[in-house]
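Commentary on secondary and tertiary structure
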Amino acid sequence: MEPCGGGRRLGELRREAAEYYRGHRVPQRMEEALNALFPLRPADLYGALANYFSTFSKAPVICKLAGRKVLDGVGKPTLEVEIYCTVKNYEKRICSVIMSSHSHVPENASPEITEGDEKERNDTVTTAVEWVNESLNTMLRDLKPTDQCEVDKMLGEYFRKKVEEKKEMQKEEEAAAPLPLTSCVPSAVALSGKKKAAKPGKMSITERTIPPAEPIEPVLCGSLAIGGTSLAVAKAGATINHIPLYLHIALLKYNQDSPKEMTLPLPMITLLNCEKFSPSKLKLVKEVMLIPPTHLSLKQGIERVLDIQKEVMRLLEPAGKVPSPQLADSKKGKAHNTGKKAPPQALKRVSHLGCLITGWDNLEQPLLLMQTACNNIGLELGTDVYLAINCAAHELMDYVKGKYEILTGTFKSPDEMVDMYVELINKFPFIIALVDPLRKEDRQQWNNICCALGSKCYLIAEDVATNISKLKVDQSMNVPMCSGVVLKYINQTKVSDLIEFTGLLDGQRHITILGSPDGESSDDSLVDLAVGLGARFIKMGGLSRGERVTKYNRLLAIEEELAKNRTLRSEANFEFTDFAEETQPEKQLTDAIPPPAQDLLPPEPSQPARQVHSLPAQLPDNSTLT
């Protein structure tokens, strides 16, 4: 009886197997595969069969997240997020992302503040690693990495819960300790090294003349986990779909409509990093950046910038006192005769931004240096290459005097700053972009400078955009009147946030600039984000340091790929908005009534007047700027 029972069981198994395979249409698909492959007679038959059947396999799903503490480009701790997916029944590592770190602490912060920032950074990375390996790992399991909207929605809800938990903890701590608690985040006054208290009378009067500094937005400990996980999932989705990340981002932004052509962002390449707290007097300029002309390819533009950089280094070659550009050639022969007492050569010091560190005594010196370098190699500023200046004016405000310290001991009010920039652009019209020429709080002066210079150059806000989630109010932007905004992918920023906000910028005719934070990593995803989002510019620092050059190499690779696929569209020439013409109708309506309090947002424009930037061949001979 045993053999008979075993035979019946074997028959049942055969019937179950036949039903199982028929239910999944295996015999039919096997026949289709064999019929399709036989005429082709592939060299690797089983490989071809595997490829054929893989099209019927289940979509990969997230099975594990792994977070770890790593170092960024300046040796500071940051977060790496790895994505593992179940692919054809196996756990497979798909990709990883390393987050860039951002700090509000300026160069001249006290040792106590710097030490506190380092401790806070360590704590936030440690907490972020815990979030990724525990809560987020469980929460996102079995989700498709291609479902970016769902993932970002869950990440956003998780972060909101953490914020509420933090608030509840603070309330409990305040109830337990009735003494007033000070914020762990230093105020803007404390960060700038200025004393917050001063003699009564003068300080109270001057402080009323300028808007107070907005408090620095506190960063929730662990927030890096949100941004890192969102970007890692986007990268995994691109890998699963076998497309580059920039195309995946473009498909997400344009609702899965594949763009027929794509443009590359123009690089703002930092050539000089001007120390604001060096013995030199000039404080107004933080970065001098070069922008290649639009008619050149990216490769040609970078080669041109490298030629200019080489000439600048030659002009700065003499040790000791940095020569003025006019005297650079005459002093060349004395390069080795200055002795050991001279300060370090500027060209031998490279900033964390990947460029030369220099110091100057007035605003004209770095501009004349760039002009001389270009002239020496047969290039003309304003035609063959353009300049952009990062002023970082929020680092210059003396809150006791209520003025910006542009040179050591030289102060200007916000209105005087606008006049100074007008004179600067009139004298040096090859400057086509000013980044953070004013604090974000000086909104009236932003309006004034946009009306005065908006038709001649880009007025770009960077400091205002450190927290993208705070920039959007309903369908408007909580930014001063400006030409565009520098967006950085940091902390709790999600890919969906960038897509939504850049869409808002596009709709209101602002330009988008993707920028890298000070603490950059070797991850090159920022470049794909900029290309996929259609950014007008990308600001990545200089052409030195591996974490910076990696991104330029990625941009070059994308240009080559788009050109090969014939999907690369040439960018139009520089176009600037005539804000004065936009606001004229509103001015006529409001002239008869008292002016209201300054709105947070500029009025909704009708149809802006734009003009293509054209620059005179000869520079006007204006008075010297101080």
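Quick note: structure is the one above.
Below is a short write-up of the structure. (Residues numbered from 1 in each chain as written. Predicted model: local features only at pLDDT ≥ 70, side-chain atom pairs only at ≥ 80, totals over all residues. Heavy atoms only, no water.)

**Things to note about the overall build of the chain**
Tallying secondary structure elements over the chain gives 17 helices and 19 strands in all. Burial analysis of the chain (626 residues in total) assigns 49% to the buried set. A separation threshold of at least 6 residues defines the contact pool for the chain, and within that pool the share at least 24 residues apart is 73%. Looking at the chain as shown, the accessible area adds up to about 31,100 Å², and 53% of this sits on carbon and sulfur atoms. (Helix = DSSP H or I, 4+ residues; strand = E, 2+ residues; numbered from the N terminus. Buried < 20%, exposed > 50% of the residue type's maximum accessible area, 1.4 Å probe, protein only. Contact = heavy atoms within 4.5 Å. Areas by Shrake-Rupley, 256 points an atom, 1.4 Å probe, with all protein chains shown as cover.)

**Points about the environment of A580**
Mapped onto the secondary structure, A580 falls in helix α17 (residues 579–590). For A580, a relative accessible area of 28% gives the class partly exposed.

**Concerning the pattern of salt bridges**
Opposite charge on two side chains permits them to pair, given that their charged atoms come into close proximity. Inspection of every chain in the model, using the stated rule, returns 22 salt bridges. With a closest N to O distance of 3.3 Å, R9 and E12 form a salt bridge. Taken together, the residues R9 and E12, both in helix α1 (residues 2–23) and three residues apart, mark about one turn of the helix. Here E12 falls in the partly exposed class, since its relative accessible area comes to 35%. D506 is the salt-bridge partner of K253, the closest N and O atoms lying 2.8 Å from each other. (Salt bridge = Lys/Arg side-chain N within 4 Å of Asp/Glu carboxyl O.)

**Things to note about a nonpolar patch on the surface**
Among the surface-exposed residues, Y20, Y21 and V26 lie close enough to one another that they form a single nonpolar patch of about 300 Å² accessible area. Relative to the helices and strands, V26 resides in helix α2 (residues 26–37). (Patch = residues over 30% accessible without salt bridge, like charges linked within 9 Å, V, L, I, M, F, W, Y side chains within 5 Å.)

**Side note on unusual backbone geometry**
For R41, which is not glycine, the phi torsion reads 45° and is therefore positive. Relative to the assigned elements, R41 resides in the loop between α2 and α3 (45–54). The backbone of R566 shows a phi angle near 60°, a positive value even though the residue is not glycine. With respect to the secondary-structure elements, R566 resides in the loop between α16 (546–564) and β18 (575–577).

**A word on the packing of helix α5 (residues 148–176) against helix α8 (residues 224–240)**
As a packed pair, α5 and α8 sit with axes 10 Å apart at the nearest point and diverge in direction by 170°. Here α5 lies roughly antiparallel to α8, going by the angle between them. Where α5 approaches α8, its residues Q148, V151, D152, L155, Y158 and F159 are matched on the opposing element by I226, T229, S230, V233 and A234. Residue classes in the contact of α5 with α8 are distributed as seven nonpolar, three polar and one charged. (Axes fitted to C-alpha atoms, helices over the stretch in contact; angles between N-to-C directions. Parallel < 35°, antiparallel > 145°, perpendicular 65-115°, else oblique. Nonpolar A, V, L, I, M, F, W, Y, C, P; charged D, E, K, R; others polar.)

**Some points on helix α10 (residues 298–315)**
The periodicity of an α-helix, 3.6 residues per turn, causes residues three or four places apart in sequence to face the same way. Its 18 residues place the ends of α10 26 Å apart at the C-alpha level, agreeing with the 26 Å of an ideal helix rising 1.5 Å per residue. Residues L298, G301, I302, R304, V305, I308, Q309, E311, V312 and L315 constitute the buried set of α10. Against β4 (266–274), β5 (287–291), β6 (356–358), α11 (364–376) and α16 lie the buried residues of α10. (Expected span 1.5 Å × (residues − 1).)

**Brief notes about the packing of aromatic side chains**
Here a ring pair, both rings aromatic, is described through the centre-centre distance and the interplanar angle of the planes. On inspection of all chains with the given rule, the structure shows nine aromatic pairs. Between Y52 and F53, the ring centres sit 5.6 Å apart and the planes meet at 85°, which makes this aromatic pair edge-to-face. Overall, the relative accessible area of 22% leaves Y52 in the partly exposed class. Summarising the aromatic geometry, the rings of Y458 and F576 are spaced 4.6 Å apart at their centres and angled 70° between planes, so their arrangement reads as edge-to-face. Taken together, the residues Y458 in strand β12 (residues 458–461) and F576 in strand β18 connect sequence positions 118 residues apart. Among the aromatic residues, those joined into a ring-pair cluster are Y386, Y458, F537, F574 and F576. Here the guanidinium or amino end of K64 rests over the ring plane of Y84, the centre of that ring lying 4.3 Å away. When the ring centre of F411 is taken as reference, the NZ or CZ atom of K401 above it lies at 4.7 Å. (Phe/Tyr/Trp six-rings, centres within 6.5 Å; stacked < 30°, edge-to-face > 60°. Lys NZ or Arg CZ within 6 Å of the ring centre and 35° of its normal.)

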